[in-house]
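Residues per chain, in single letters:
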Amino acid sequence: MIKAGIVGATGYVGAELVRLLALHPQAELSAVSSVSFEGKPLSEVYPMYRSLCDMECGSPADVIEKSDVVFAALPHGLSQELAAQCAAAGKVMIDMGADFRLKSEEAYHEWYGGTFLDPALHEQAVYGLPEFFRSRIKGKNLIANPGCYTTAVPLALVPSILGGFVEPAGIIADCKSGVTGAGRGLSQNTHYAELNEGFAPYKVTSHRHTPEIEQTLSDLSGQPMKITFVPHLLPVNRGILATCYARLKPGAAEEEIRAAYEAFYRDEPFVRLLPKGAAANIKNVKYSNYCDISLHIDCRAGMLIAVSAIDNMVKGAAGQAIQNMNLVFDLPETTGLLSMPPAF
């Protein structure tokens, strides 16, 4: 059994990791930590875990000592020192935050205001989006786990870009997120009275996931890419819906585009390409590690509209992290992740 520990276990992502690891047949939760609730059992913070996970929240050092793999469910800026400690102890670390996602220290400073404390450690980090970088992830000890938007947008767009069906310039990613994406801490726009019966964009032109999405698209396409990315906050708990618009190149045919997506994702266990006429819906991926993609061609305007839906807490966070753990430890990638989404 793989011994898995969580630093930051009482945040939303940490709690989701606990839920999913409890269902994993080849991993067991070895230790958890929380600055806010140190010394308290996890089931006191989340009563639904009572008698299922009564583990007491300890220290990060305790988690490292007792674990083969450490999941760091921390805000940006807090994972670099922990990663160095894990490396020194020979432990695998999967970082749920942003500290190792960007390859450029200049970009990290621009968008997050931080620096690379150990550039050599950043060189070792691998970006953990399995559908694109599986071969890089296997056997590595430091994985930068992508977040929600940075998973949903590339999954929707990459086959059309690599297939040469769309213009690389002028792509728009119009995205909506459930409120759990904002984390467990309180802010004015996530209060019930502010959020309920409302719907608005936020961080327009300034969201920190923008350079990460562009990095993935540029890496895969072999050319610098810029996109327009606008996130919105939905008054629901879970889900990411990414509606992506790209201008079709002359001669691009709907049948060819669909065939390219089918071929690209044919062997991907967690990507479901929907039939023509269907539309991706966050309801249909809830609590699962699946990504649903629907394709729509606007012949009149010459546009491809690619829509992806994921659960931001699973495929956009904890589920993808476990998918990466499975790859690192040479397990079948789907181990512990094949639960069916509920019908309602």
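Everything discussed here concerns the structure shown above.
These numbers come from a predicted model, not from an experiment.

Colleague: Would you mind going over helix 5 (residues 105–112) in detail, with residue names and values included?
Modeller: For helix 5, the set of buried residues is Ala-107, Tyr-108, Trp-111 and Tyr-112. Viewed end-on, helix 5 has its buried residues packed into an arc of 100°, placing them on one side of the element. Residues of helix 5 that are exposed and angled more than 90 degrees away from the buried face: Glu-106 and Glu-110. Looking at the buried side of helix 5, the elements it contacts are helix 4 (80–88) and helix 10 (210–221). Looking at where helix 5 begins, the residue whose side-chain oxygen comes 3.2 Å from the main-chain nitrogen of Glu-106 is Ser-104. Of the residues one or two after helix 5, Gly-113 is the one with positive phi, at around 75°.

Colleague: Can you break down helix 7 (residues 130–137) residue by residue, with the values?
Modeller: Within the sequence span of helix 7, burial applies to Pro-130, Glu-131, Phe-132, Phe-133 and Ile-137. Just downstream of helix 7 lies Gly-139, where phi reads positive at about 80°.

Colleague: Describe the sheet that holds strand 13 (residues 291–298), and please don't skip the residues or the numbers.
Modeller: Each strand in a sheet pairs with another by means of backbone hydrogen bonds, the pair being arranged parallel or else antiparallel. With mixed pairing, the seven strands of this open sheet are ordered in space as 9-10-8-11-14-13-12. The open sheet has two free edges, formed respectively by strand 9 (200–201) and strand 12 (271–273), since each of these has just one partner strand. Alignment of strand 8 (residues 171–177) against strand 11 (residues 240–247), held across six bridges, turns out to be antiparallel. Paired with Ile-172 across the bridge in strand 11 is Tyr-245. Across the sheet, helix 11 (residues 254–265) lies against strand 12, strand 13 and strand 14 (303–310), angled at about 165° from strand 13, the strand it touches most.

Colleague: Before we move on, could you go through the packing of helix 8 (residues 149–162) against helix 10 and cite the residues and values that matter?
Modeller: Axes are the key here: two packed helices are described by the angle between their axes and the distance separating the axes. The interhelical angle for the contact between helix 8 and helix 10, taken along N-to-C directions, is 30°, at an axis separation of 10 Å. Overall, the two elements helix 8 and helix 10 adopt an arrangement that is roughly parallel. As helix 8 packs across helix 10, the resulting crossing turns out to be right-handed. Contacts between helix 8 and helix 10 involve Tyr-149, Thr-150, Val-153, Pro-154, Leu-157, Val-158, Ile-161 and Leu-162 from the former and Glu-212, Ile-213, Thr-216, Leu-217, Leu-220 and Ser-221 from the latter. When grouped by side-chain class, the residues that make up the contact of helix 8 with helix 10 number ten nonpolar, three polar and one charged.

Colleague: Give me the lowdown on the sheet that holds strand 3 (residues 57–58), citing residues and values where you can.
Modeller: One open sheet holds the seven strands; their spatial order is 3-2-1-4-5-7-6, and the pairing between them is parallel. Sheet topology places strand 3 and strand 6 (126–127) at the edges, where each strand pairs with a single neighbour. In this sheet, strand 5 (residues 92–95) lies alongside strand 4 (residues 69–72) in parallel orientation, the contact comprising four bridges. Following the sheet pairing, Val-69 is matched in strand 5 by Val-92.

Colleague: So what's going on with the pattern of salt bridges? Residues and values would help.
Modeller: Summed over all chains, the structure comprises 16 salt bridges. Measuring nitrogen to oxygen at the nearest pair gives 2.7 Å for the salt bridge that ties Glu-333 to Arg-134. Taken together, the positions of Glu-333 in the segment after helix 12 (314–328) and Arg-134 in helix 7 put the pair 199 residues apart, joining distant regions of the chain. Judged by its relative accessible area of 13%, Glu-333 is buried.

The rules behind each value
- Residues numbered from 1 in each chain as written.
- Predicted model: local features only at pLDDT ≥ 70, side-chain atom pairs only at ≥ 80, totals over all residues.
- Heavy atoms only, no water.
- Buried < 20%, exposed > 50% of the residue type's maximum accessible area, 1.4 Å probe, protein only.
- Helix = DSSP H or I, 4+ residues; strand = E, 2+ residues; numbered from the N terminus.
- Arc of directions from axis to C-beta.
- Contact = heavy atoms within 4.5 Å.
- Polar contact = N/O pair within 3.5 Å; in protein donor to acceptor, adjacent residues only side chain to side chain.
- Pairing = 2+ DSSP bridges.
- Axes fitted to C-alpha atoms, helices over the stretch in contact; angles between N-to-C directions.
- Parallel < 35°, antiparallel > 145°, perpendicular 65-115°, else oblique.
- Left-handed = near helix turned anticlockwise from the far one by under 90°.
- Nonpolar A, V, L, I, M, F, W, Y, C, P; charged D, E, K, R; others polar.
- Salt bridge = Lys/Arg side-chain N within 4 Å of Asp/Glu carboxyl O.

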